[in-house]
Amino acid sequence: MKALIIDTETTGLVEPCVIEMAYQVLDNNLALTGESFHQRYKPHKPMEWGAIATHHIIPEDLEGCHFSSTCTLPPDTEYLIGHNIDFDWKVLGSPDIKRIDTVALARSILPDLDSHKLGAILYYLFGANEDTRHKLQSAHSAKADVHFCALILDNFVKRLKVKNLMELHQASE
């Protein structure tokens with residue numbers, strides 16, 4: 001059984017193509033295994049300006065990369081975990097895989113928080129300080145966002161007192 005804390009960066013919101021994917025593998029007992037992946041991809045269509053302004057990946061950064069069509073998940077993946085995971089799941093072709101959304105968990109665990117964006121949750125959990133601000137300067141890189149999501153997930157797992165992927169999945173539903 002393989003669970004991936006995953007994030008993608010894409011060409012935009014209109015028929016998005018993956019331009020960057022990163023993940024860390026989580027075992028059934030909710031521990032990071034140390035296995036990770038990060039790769040950029042060349043899309044078959046131009047990136048939207050709003051997407052470039054968000055992730056700061058420019059076309060020149062993708063020269064020499066494999067094409068987006070080669071982006072695939074490991075075959076034994078059973079769970080995808082991420083912040084607003086449905087977006088990444090759809091971009092990856094809506095595979096028959098269970099999803100655990102940290103946004104849904106945040107809304108349940110932190111209902112009074114004024115924003116459930118990844119950065120807002122990090123500031124809330126780790127403080128509005130220089131260290132958190134410095135970490136967030138790399139936000140919207142798939143690799144950094146996976147790391148941030150793992151930090152948030154660890155905090156949520158402790159609050160929920162769940163012990164395995166099935167319990168975490170039930171909590172996210």
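Note: the structure precedes this text.
These remarks concern the structure in this document. (Residues numbered from 1 in each chain as written. Predicted model: local features only at pLDDT ≥ 70, side-chain atom pairs only at ≥ 80, totals over all residues. Heavy atoms only, no water.)

**Quick look at the overall build of the protein**
Across its full length, the protein holds 7 helices and 6 strands. Ordering the α and β elements of the protein from the N terminus gives β-β-β-α-β-β-α-β-α-α-α-α-α. Taken over C-alpha atoms, the radius of gyration comes to 16 Å for the protein, in line with the 16 Å a tight globule of 173 residues would show. C-alpha extents for the protein along the principal axes are approximately 45 × 40 × 30 Å. Looking at the protein as a whole, 46% of its 173 residues are labelled buried. Long-range pairs, those at least 24 residues apart, make up 58% of the contacts in the protein with a sequence separation of at least 6. Summed over its atoms, the accessible surface of the protein is roughly 9400 Å², and 51% of this surface lies on carbon and sulfur atoms. Across the protein, the mean location of the 16 positive side-chain charges is 4 Å away from that of the 24 negative side-chain charges. (Helix = DSSP H or I, 4+ residues; strand = E, 2+ residues; numbered from the N terminus. Rg over C-alpha atoms; globule rule 2.2 N^0.38 Å. Buried < 20%, exposed > 50% of the residue type's maximum accessible area, 1.4 Å probe, protein only. Contact = heavy atoms within 4.5 Å. Areas by Shrake-Rupley, 256 points an atom, 1.4 Å probe, with all protein chains shown as cover. Lys, Arg positive; Asp, Glu negative; His and termini not counted. Charge placed at Lys NZ, Arg CZ, Asp CG, Glu CD.)

**Concerning the state of the cysteines**
All told, the structure shown has 0 disulfides when counted by the stated rule. Cys-17 takes part in no disulfide bond, and the closest cysteine sulfur to it belongs to Cys-71, at a distance of 10 Å. Residue class for Cys-17 comes out buried when judged on its relative accessible area of 7%. Take Cys-149: it sits in no disulfide, and the sulfur closest to it among the cysteines is that of Cys-71, at 17 Å. On the accessibility criterion, Cys-149 (2% relative accessible area) is buried. (Disulfide = S-S within 2.5 Å.)

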